[in-house]
Amino acid sequence: MAYKFSKRFKRLLISTLLIGSISFASYLLGWSSFLTVKEVQITGTESTSVILSELKNQNVAPVVGQKLARVEIRSMKRVLSDLDWIASAEASRNWFAKKIEIQVLERVAVAKALTESNSMVNFDSEGSIFNPTSTDQLKGQEALPLVSTAGDSRKDLVDVALLLKQIPADLSYLVTDLDQISVTKAGYILMSTRINSQAVRINWGSIDQIDQKFSVLQALLKLPENKGIKQVDLSEPKAPIVK
């Protein structure tokens, strides 16, 4: 009998301690002033005020003095990931330092264009179209090559974005040394860039068969007679024209 009583007592004691621990942890995380936000740290951008403003507009901005457990980490990450000028975003709690850490990676523009509404948009090397927003993005606008269109600017910008996104790694210098991109009324993409420090104009034609056009250009550039190449017409990839 005493053995059974002792066993029941141990179980009761363990259950009580477990419930007490859970209750204490819940209080500590959700109500106690011990685990409150002491600092909000944002890295990867100088435009911290823009980040905080966006979070505040969506009612998910972390505030010093707020309970750490109540900071909406997932919502913060979702809001930041939806900003077109940010390539990636992470948010986390640092329980030991009692701070919220936000890391962002800004998109880096390689070209710019004017939309039909006369607003400026940028392209990054992945072909993403975004509105320049941060301090770094805005101060680099004058140096960016311009994308001009003569037809349906919306479709043209999407086609240029696809071109930039799909350019293979061994032709990435075409983007790095880009001078200008224009799109004709027929939808032909004309690129002014540099190959081996020499100015070259490439007529990609339409975005159709673009992978084949990349392969044709790579093959042409390997030929010794094309070392001084100045113009390439790839609008018909089976019959390229080199000058």
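Reference entry: report on the structure contained in this document.

**Side note on the sheet that holds strand 6 (residues 129–130)**
Spatially, the nine strands line up as an open sheet ordered 6-5-4-7-8-9-10-11-12, and their pairing is mixed. Looking along the sheet, the strands with just one partner apiece sit at the ends: strand 6 and strand 12 (241–242). By the bridge criterion, two bridges tie strand 4 (residues 109–114) to strand 7 (residues 146–149) in an arrangement that is parallel. From the neighbouring strand, Ala-113 faces strand 7, where its bridge partner is Val-147. Packing against the sheet, helix 7 (residues 210–221) makes contact with strand 9 (189–195), strand 10 (198–205), strand 11 (231–233) and strand 12, and its axis sits at approximately 150° to strand 10.

**Quick notes on the nonpolar core**
Phe-123, Leu-163, Met-191 and Trp-204 are the most contacted members of the largest nonpolar core, which has 33 residues in total. Going through the elements one at a time, strand 4, strand 5 (120–124), helix 5 (153–166), helix 6 (173–176), strand 8 (180–183), strand 9, strand 10 and helix 7 are the ones with two or more residues in this core. Non-local contacts of Met-191, meaning those with residues more than four positions away in its chain, are made with Leu-163, Ile-167, Leu-174, Leu-178, Gln-180, Ile-181, Val-200, Arg-201, Ile-202 and Trp-204. Formed by 21 residues, the second largest nonpolar core is a distinct cluster that contains Ile-42, Met-76, Leu-80 and Val-104.

**Things to note about the pairing of strand 9**
Along strand 9, six of the seven residues are buried, which leaves the element largely enclosed by surrounding structure. Sheet topology places strand 8 next to strand 9; four bridges connect them, and they run antiparallel. Bridge pairing links Ile-181 to Met-191 in strand 9. Linking strand 8 back to strand 9 in an antiparallel pair, the connection comprises five residues, with Gly-187 at a positive phi of about 90°. Judged from the seven bridges that link them, strand 9 and strand 10 form a sheet pairing that is antiparallel. From the neighbouring strand, Met-191 faces strand 10, where its bridge partner is Ile-202. Adjacent in sequence and paired antiparallel, strand 9 and strand 10 are bridged by two residues, among which Asn-196 carries a positive phi angle near 55°.

**A closer look at the sheet that holds strand 2 (residues 86–94)**
Strand order across the open sheet formed by three strands is 1-3-2, with mixed pairing between neighbours. Here the strands that pair on one side only, and so sit at the sheet edges, are strand 1 (39–43) and strand 2. Adjacent strand axes in the sheet meet at a mean angle of 15° when their direction is disregarded. Sheet topology places strand 1 next to strand 3 (residues 99–106); five bridges connect them, and they run parallel. Each bridged residue has a counterpart across the sheet, and for Thr-43 the counterpart in strand 3 is Gln-103. Lying over the sheet, helix 2 (residues 48–57) contacts strand 1, strand 2 and strand 3, oriented at roughly 120° with respect to strand 1. Across the face of the sheet, helix 3 (residues 73–81) comes into contact with strand 2 and strand 3 while running at roughly 165° to strand 2.

**Quick look at helix 3**
Among the residues of helix 3, Ile-73, Ser-75, Met-76, Val-79 and Leu-80 are the ones counted as buried. Within helix 3, the buried residues cover an arc of 165° as seen down the axis, which keeps them to one side.

**Considerations on the environment of Gly-205**
Within the secondary structure, Gly-205 sits in strand 10. For Gly-205, a relative accessible area of 0% translates into the label buried. Those residues within four positions of Gly-205 in sequence are excluded, and the remaining contacts are Gly-187, Tyr-188, Ile-189, Lys-213 and Ser-235.

**Comments concerning the packing of aromatic side chains**
By the definition in use, this model includes one aromatic pair. With a centroid separation of 5.3 Å and an interplanar angle of 75°, the aromatic rings of Trp-204 and Phe-214 are classed as edge-to-face. Of this pair, Trp-204 sits in strand 10 while Phe-214 sits in helix 7, and the two are ten residues apart along the sequence. In this pair, the class of Trp-204 matches that of Phe-214, namely buried.

Cut-offs and rules
- Residues numbered from 1 in each chain as written.
- Predicted model: local features only at pLDDT ≥ 70, side-chain atom pairs only at ≥ 80, totals over all residues.
- Heavy atoms only, no water.
- Pairing = 2+ DSSP bridges.
- Helix = DSSP H or I, 4+ residues; strand = E, 2+ residues; numbered from the N terminus.
- Contact = heavy atoms within 4.5 Å.
- Axes fitted to C-alpha atoms, helices over the stretch in contact; angles between N-to-C directions.
- Core = buried A, V, L, I, M, F, W, Y, C linked by side-chain atoms within 4.5 Å.
- Buried < 20%, exposed > 50% of the residue type's maximum accessible area, 1.4 Å probe, protein only.
- Arc of directions from axis to C-beta.
- Phe/Tyr/Trp six-rings, centres within 6.5 Å; stacked < 30°, edge-to-face > 60°.

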